[in-house]
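# Structure at a glance
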Amino acid sequence: MKNTLHPNIAKSYQRIPFKITKTNHLLVNAEINGVKGKFILDTGASNSCVDFTNVEYFNLIAADSKTKAAGAGAVGMLTKLSMANTLKMSRWKFADLHLVIFDLSHVNLALTQHKAKPVQGIIGADVLIPFEAIIDYSTNSLYLKK
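The text that follows walks through the structure, step by step, so that each part is easy to find. Predicted model only: the values in this text are computed from it and were never measured.

## Here we look at unusual backbone geometry
- Of note, asparagine 24 is a non-glycine position whose phi angle comes to about 65 degrees, a positive value.
- Counting through the fold element by element, asparagine 24 comes out in the loop between β2 (19-20) and β3 (26-32).
- Positive phi is not limited to glycine here, since lysine 115 has a value of about 60 degrees.
- Structurally, the position occupied by lysine 115 is in the loop between α2 (105-113) and β9 (121-123).

In C-alpha cells form, the structure reads like this:
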C-alpha cells in the first residue's frame, strides 16, 4: 500500500499493516519473544496484555500482581505481570514490553460469536502513546515511531 504520510514524517515511522475484523476491531500480527500471534489494537486499553492461556506459548515469565483488570464489561479480574518482553510488528521492534496477563475469554467469546477469530492479546496505549501511533484507516496502516 502507498504510504500516505508526509515524507518527513514517514522517514521516522515504521508502517505496520492491520486488518479490520467482522467486529470492526483492528487486528495486527505481532511477535512476542519471537512467537507469532494475533492482537487487537486498542487505543482504549491502558496496557498491552496477553491471555492466561498464552503464557507458555509466548515464553512469558509471569509474576503475581495485586492489580485487578477491567474492560469490555468484565471487572475485578485477577492479573499477573510479565516484564521485559520483546514486541515485533512488521519491522518495528521494542525490547522492553511489560504485559498484563489476564483472562481474555470474554473478549474471544464476543469475537467468535460474531464469527471472528480469537486473539492472543491486545496492544494498548502503553505502546501506542510513547511511540506516537498514527492509525491510517484509508490504508489499514498503523505507524509507530522508529
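## Section: the environment of valine 35
- Among the secondary structure elements, valine 35 is positioned in strand β4 (residues 35-41).
- Taking the C-alpha atoms as reference points, valine 35 and threonine 86, separated by 51 residues in sequence, lie 9.8 Å from one another.
- Residues contacting valine 35, with those up to four places away along its chain left out, are Ala30, Tyr57, Phe58 and Asn59.

## Focus: a positive patch on the surface
- On the surface, Lys19, Lys22, Lys38, Lys115 and Lys117 cluster together to form a positively charged patch.
- Secondary-structure assignment places lysine 117 in the loop between α2 and β9.
- A residue is classified by how much of its surface remains accessible, and lysine 117, at 68% relative accessible area, is exposed.

## A closer look at the sheet that holds strand β10 (residues 134-136)
- An order of β1-β11-β10 is seen for the three strands of this open sheet, with the pairing classed as antiparallel. Each edge of the open sheet carries a strand with a single partner, namely β1 (13-17) and β10. The average undirected angle you get between the axes of adjacent strands in this sheet is 25 degrees.

## Considering the pattern of salt bridges
- A complete count under the given rule lists two salt bridges for this structure.
- Aspartate 64 serves as the salt-bridge partner of lysine 80, at 2.8 Å between the closest nitrogen and oxygen. Here aspartate 64 lies in strand β6 (residues 63-71) and lysine 80 lies in strand β7 (residues 74-89), a separation of 16 residues in the sequence.
- The exposure class of lysine 80 is partly exposed, given its relative accessible area of 27%.

## As for the nonpolar core
- Counting 25 residues, the largest nonpolar core has Ile32, Leu87, Met89, Ile123 and Leu144 as the members making the most contacts within it.
- Those elements that place two or more of their residues in this core are β3, β4, β7, β8 (92-102), α3 (125-128) and β11 (141-145).
- Setting aside anything within four residues of it in sequence, one finds leucine 87 in contact with Ala30, Glu31, Ile32, Trp92, Lys93, Phe94, Leu97, Ile123 and Val127.
- Within the second largest apolar cluster, 12 residues are counted, among which are Leu27, Ile40, Ala45 and Ile122.

## Details of the environment of threonine 139
- Along the chain, threonine 139 falls in the loop between β10 and β11.
- Take threonine 139: its relative accessible area is 7%, and that puts it in the buried class.
- Separated by 122 residues in the primary sequence, threonine 139 and proline 17 have C-alpha atoms spaced 8.1 Å apart.
- At a separation of 3.3 Å, a polar atom in the side chain of threonine 139 contacts the side chain of aspartate 136.

Cut-offs and rules
- Within each chain, residues carry numbers counting from 1 in the order of the written sequence.
- For this predicted model, a pLDDT threshold of at least 70 governs which residues receive local features, and a threshold of 80 or more governs which side-chain atom pairs are given and counted, while totals over whole chains, interfaces and linings are taken from all residues.
- Water and hydrogen atoms were dropped before computing side-chain values, which therefore reflect all heavy atoms in the structure.
- Runs of E in the DSSP output that reach at least two residues are strands. Runs of H or I that reach at least four are helices, and both are numbered from the N terminus.
- The contact criterion used is simple: two residues touch if any of their non-hydrogen atoms lie within 4.5 Å.
- Nonpolar side chains (Val, Leu, Ile, Met, Phe, Trp, Tyr) are joined into patches within 5 Å and like charges within 9 Å, using only residues with over 30% relative accessible area and no salt bridge.
- Reported accessibility uses the Shrake-Rupley method at a 1.4 Å probe radius. Residues are deemed covered only where the shown protein chains occlude them.
- The salt bridge criterion pairs a side-chain nitrogen of Lys or Arg with a carboxyl oxygen of Asp or Glu, the two atoms within 4 Å.
- Under this rule, positive means Lys or Arg and negative means Asp or Glu; His and the chain ends count for nothing.
- Lysine's charge is taken at NZ, arginine's at CZ, aspartate's at CG and glutamate's at CD.
- Each residue's exposure class comes from its accessible area (1.4 Å probe, protein chains only) as a fraction of the maximum for that residue type: buried when under 20%, exposed when over 50%, partly exposed otherwise.
- Strand pairing requires that DSSP identify at least two bridges connecting the strands.
- All axes here are fitted lines through C-alpha atoms, helices being fitted over the stretch that makes contact, and every angle between N-to-C directions spans 0 to 180 degrees.
- The criterion is simple. A nonpolar core is a set of buried Ala, Val, Leu, Ile, Met, Phe, Trp, Tyr and Cys residues joined through side-chain atoms within 4.5 Å.
- Pairs of N or O atoms are called polar contacts if they sit within 3.5 Å, as long as, within protein, a hydrogen donor faces a hydrogen acceptor (for residues adjacent in sequence, only side-chain-to-side-chain pairs).

Everything listed here is a matter of geometry and, on its own, says nothing about what the molecule does.
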